[in-house]
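Structure at a glance
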Amino acid sequence: MKERTKNTLTLALGIALLPPIWAVLSPYIGVATGAVALICAGIYVANGNKLEDAMKITIGFLCGDIWSVLALKVMKILEWNQNLELFSTLFILGGMAVLIAELMRKYVFLPAWLCGWAIGLTILTPIGLEKMGSIPVQIGISMIVGVWYVGVGVDKFQRFVLKLFA
């Protein structure tokens, strides 16, 4: 069997097995944002499954999660034209995220920060500040699970299965 075929089949098995386990279990531990894990795993994989970057990616996602709450709070405080509020908030926080991540690039992965911010805004904006409750924490948990359980976990699982058949 060709190497590419083995890689594809073992990856398919890992993706078919591990994320559905999280999808089934997450509601039982109070996490309604389980699908976020798959998005976050995608960023980990797109970065080349680099275990040495997993913590930077995790920190980036969590920064994005915090940034989404901050953005909504800033827009709530501002009482300007809605489009001006949105543009100004995204302009300032987006620029700040890039500058902070660059200064701390040893610890923070900027693409994860920006992706995490987008995930947070997508989920939280329709809910609103008043009703978000623990949703940002749930998002953060799903982000961590995405990097470590789905991303790192599927990679380790795939390598293990490949060794079994070597």
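Quantities reported herein were computed from a predicted structural model and do not represent experimental measurements.

1. A word on the packing of aromatic side chains
All chains considered together, the criterion is met by two aromatic pairs. For the pair Trp-67 and Trp-113, a centre-to-centre distance of 5.1 Å together with 85° between the ring planes defines the contact as edge-to-face. Here Trp-67, found in helix α3 (residues 54–77), pairs with Trp-113, found in helix α5 (residues 110–127); they are 46 residues apart in sequence, far enough to count as distant. The burial state of Trp-67 is the same as that of Trp-113; both residues are buried.

2. Examining the layout of surface pockets
Within this model, the largest pocket holds a volume of roughly 270 Å³. Lining the largest pocket are 13 residues, and of these Leu-72, Met-75, Gln-82, Leu-86 and Thr-125 sit closest to its centre. Broken down by secondary-structure element, the contributors of at least two residues to the lining of the largest pocket are α3, α4 (82–103) and α5. Ranked by residues supplied to the lining of the largest pocket, first place goes to α4 with five residues. For the lining of the largest pocket, the per-class residue count stands at six nonpolar, four polar and three charged. Along its surface, the second largest pocket is lined by 14 residues, and Leu-11, Ile-15, Val-45, Asn-49 and Val-154 are the ones closest to its centre. By residue number, the principal contributor to the lining of the second largest pocket is helix α6 (residues 135–164), which donates five residues. Taken together, the residues of the lining of the second largest pocket sort by class into seven nonpolar, six polar and one charged.

3. As for the side chain of Thr-89
Here Thr-89 lies in helix α4. Here Thr-89 falls in the buried class, since its relative accessible area comes to 3%. Polar side-chain contacts of Thr-89 include one of 2.7 Å to the backbone oxygen of Glu-85. Aside from chain neighbours lying at most four places away, what touches Thr-89 is Ala-71, Val-74, Met-75, Leu-78 and Gly-94.

Calculation notes
- Residue indices begin from 1 for each chain and proceed along its sequence in written order.
- Reporting of local features is limited, given that this is a predicted model, to residues whose pLDDT is at least 70; pairs of side-chain atoms are given and counted only at 80 or more, and all residues count toward the totals for whole chains, interfaces and linings.
- Water and hydrogen atoms were dropped before computing side-chain values, which therefore reflect all heavy atoms in the structure.
- The aromatic pairing rule takes the rings of Phe, Tyr and Trp, using the six-membered ring of Trp, and pairs them if the centres are within 6.5 Å, calling planes under 30 degrees apart stacked, those over 60 edge-to-face and the rest tilted.
- Strands here mean DSSP runs of E at least two residues long; helices mean DSSP runs of H or I at least four residues long; both are numbered from the N terminus.
- The buried label applies to any residue whose accessible area, calculated with a 1.4 Å probe on protein chains only, is under 20% of its type's maximum; exposed applies above 50%, and partly exposed to all values in between.
- Points on a 1 Å grid over protein atoms alone make up a cavity when a 1.4 Å probe fits among them but cannot get out, and a pocket when they form an open set with protein on both sides within 12 Å along at least five of seven lines; lining residues each have an atom within 4 Å of a point.
- Grid points are joined across faces, edges and corners, and a volume is the space filled by probe spheres set on the points.
- Here the nonpolar group is Ala, Val, Leu, Ile, Met, Phe, Trp, Tyr, Cys and Pro; Asp, Glu, Lys and Arg are the charged ones; every other residue, Gly included, is treated as polar.
- Pairs of N or O atoms within 3.5 Å make up the polar contacts considered here, provided that, within protein, one atom can donate a hydrogen while the other can accept it, and that residues adjacent in sequence are counted only when both atoms are side-chain atoms.
- Throughout, a contact is declared for two residues whenever any of their heavy atoms are within 4.5 Å.

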